Amino acid sequence: MSAPRRSSIETKAVILAAARERFGADGYERATIRAIASDAAIDPSMVMRYFGTKEKLFAAAADVDLRLPALDAVPRPQLGAVLSAHFLDRWEGDEAMLILLRTGVTNDDAAERMRAVFANQLAPLVLRTCPNPAEAPRRAGLIATQVLGLALCRYVLRLPPIVAMTHPEVVDWLGPQIQRCLTGSLGADGPGAEGPGV
């Protein structure tokens, strides 16, 4: 008895799931269309039919939406804690974010995609919450250092003391760091200093 035929939507979903696993495990350079097709129990030509190239498949597999929360109703002193909890949930709930993190270290295209995600999604939120709009790019970049650094150590390098921290412990530590990035002084450069974008 032959296996039931998949719809095109189901086939694409199976390919994407296999691609996320393979890109996450092997990185962009080592992952191959043939290996991904094998993982998906599908002919490599079908992968090419649906996605065209390895680059396009990676773009689809690593399509990231930060799903940033609306902060309008959040009391100003709690912004950092709310964002910290949100980012922790996103890292733990979206494999695409970890794929970008792992591959972004060694692949220029993945690094550019990660920069674009934070520049296009995080920077506008920071612009609406920081005390001086001219500081928004630098503040967004500083927040990225915190959330990316934590994710690298907790989910990729898996440093035991960081892995051992509970969700509330991570938020208690990370929240004040993000709060300072959002609303605190930027230091010697003073108000209005502009830094590089994310």
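Each chain has its residues counted from 1, running along the sequence as written. Totals for whole chains, interfaces and linings use all residues, but because this is a predicted model, local features are given only for residues with pLDDT of at least 70 and pairs of side-chain atoms are given and counted only at 80 or more. Side-chain descriptors were evaluated using all non-hydrogen atoms of the structure, hydrogens and water having been removed beforehand.

Draft legend 1. Layout of the overall build of the protein. Only DSSP runs of H or I covering at least 4 residues are called helices, and only runs of E covering at least 2 are called strands; the numbering of each starts at the N terminus. A count of helical and extended segments in the protein gives ten helices and zero strands. The order of α-helices and β-strands along the protein, N terminus first, is α-α-α-α-α-α-α-α-α-α. Seen through its C-alpha atoms, the protein measures out along the principal axes to roughly 65 × 35 × 30 Å. The buried share of the protein, taken over its 198 residues, is 41%. The buried label goes to any residue with under 20% of its type's maximum accessible area, the exposed label to any with over 50%, and the partly exposed label to all in between, with areas taken from a 1.4 Å probe on protein chains only.

Draft legend 2. Seen up close, unusual backbone geometry. The backbone of Arg-67 shows a phi angle near 50 degrees, a positive value even though the residue is not glycine. Despite not being glycine, Arg-158 shows a phi value in the positive range, around 50 degrees. Structurally, Arg-158 is set in the loop between α8 (136–156) and α9 (160–163).

Draft legend 3. Inspection of the pattern of salt bridges at higher detail. Salt bridges are counted wherever a side-chain nitrogen of Lys or Arg sits within 4 Å of a carboxyl oxygen of Asp or Glu. Applying the stated rule across the entire model yields six salt bridges. Here Asp-39 ties to Arg-22 by a salt bridge, and the two come within 2.9 Å at their closest N and O atoms. In this pair, Asp-39 sits in helix α2 (residues 33–39) while Arg-22 sits in helix α1 (residues 8–30), placing the two residues 17 residues apart along the sequence. A salt bridge links Glu-92 to Arg-154, with the nearest nitrogen and oxygen atoms 3.7 Å apart. With Glu-92 in helix α5 (residues 79–93) and Arg-154 in helix α8, the pair connects residues that are 62 residues apart, well separated along the chain. You can call Glu-92 partly exposed: its relative accessible area is 44%.

Draft legend 4. Focus on the side chain of Thr-11. Position of Thr-11 among the secondary structure elements: in helix α1. With a relative accessible area of 5%, Thr-11 lands in the buried category.

Draft legend 5. Molecular detail of the packing of aromatic side chains. Ring pairs shown here join Phe, Tyr and Trp side chains whose ring centres sit within 6.5 Å, with only the six-membered ring taken for Trp; geometry is labelled stacked below 30 degrees between planes, edge-to-face above 60, and tilted in between. In the structure shown here, the tally under the stated rule is four aromatic pairs. Summarising the aromatic geometry, the rings of Phe-87 and Phe-118 are spaced 6.2 Å apart at their centres and angled 5 degrees between planes, so their arrangement reads as stacked. Taken together, the positions of Phe-87 in helix α5 and Phe-118 in helix α7 (residues 108–129) put the pair 31 residues apart, joining distant regions of the chain. By relative accessible area, Phe-118 is classed as buried at 1%. Connected via pairs of aromatic rings, a cluster forms that spans Phe-23, Tyr-28 and Phe-58. In this scheme, the term charge over a ring applies when either NZ of a lysine or CZ of an arginine sits within 6 Å of the ring centre and within 35 degrees of the ring normal. Its guanidinium or amino end placed over the ring of Tyr-50, Arg-49 lies 5.3 Å from that ring's centre, counting from NZ or CZ. Over the ring of Tyr-28 we find Lys-54, and its NZ or CZ is 4.5 Å from the ring centre.

Draft legend 6. Inspection of the nonpolar core at higher detail. The biggest cluster of nonpolar side chains holds 56 residues, and the ones touching the most others in it are Phe-23, Leu-57 and Trp-91. Once you skip the residues sitting within four places of it in the chain, Trp-91 turns out to touch Met-97, Leu-98, Leu-101, Met-114, Val-147, Leu-148, Ala-151 and Tyr-155. By nonpolar core is meant a set of buried Ala, Val, Leu, Ile, Met, Phe, Trp, Tyr and Cys residues that side-chain atoms within 4.5 Å join together. Contacts are residue-level and defined by heavy atoms, with any inter-residue pair within 4.5 Å sufficient.

Draft legend 7. Expanded view of the confidence of the model for the protein. Mean pLDDT for the protein: 88, with 92% of residues reaching 70 or above. A residue's pLDDT is the confidence the predictor assigns to it, expressed on a 0 to 100 scale. Taken element by element, the predicted model of the protein shows its lowest mean pLDDT in helix α6 (residues 95–104) (86) and its highest in α9 (97). Here residues 189–198 is modelled with pLDDT under 50, and outside its nearest four sequence neighbours on either side it reaches 25 contacts, counting other chains as well.

Draft legend 8. Just α8, in detail. Here the expected span of a helix is defined as 1.5 Å times the quantity of residues minus one. With 21 residues, α8 should reach 30 Å at 1.5 Å per residue; the first-to-last C-alpha distance of 28 Å fits that figure. Among all positions of α8, only Ala-136, Arg-138, Arg-139, Ala-140, Gly-141, Ile-143, Ala-144, Val-147, Leu-150, Ala-151, Arg-154 and Tyr-155 are buried. Those residues of α8 that are buried lie in contact with α5, α6, α7, α9 and α10 (167–183). Looking one or two residues beyond α8, the residue adopting positive phi is Arg-158, at roughly 50 degrees.

Draft legend 9. Representation of a negative patch on the surface. A cluster of acidic residues, Glu-29, Glu-55, Asp-108 and Asp-109, forms a negative patch at the surface. Relative to the helices and strands, Glu-29 resides in helix α1. We classify Glu-29 as exposed; its relative accessible area is 52%. Like charges are joined within 9 Å and nonpolar side chains (Val, Leu, Ile, Met, Phe, Trp, Tyr) within 5 Å, but only among residues with over 30% relative accessible area and no salt bridge; these make up the patches. Note on areas: Shrake-Rupley with a 1.4 Å probe; residue coverage comes only from the protein chains shown. Think of it this way: Lys and Arg go in the positive column, Asp and Glu in the negative one, and His and the chain ends go nowhere. Where a charge lies is defined by one atom per residue type, namely NZ (Lys), CZ (Arg), CG (Asp) and CD (Glu).

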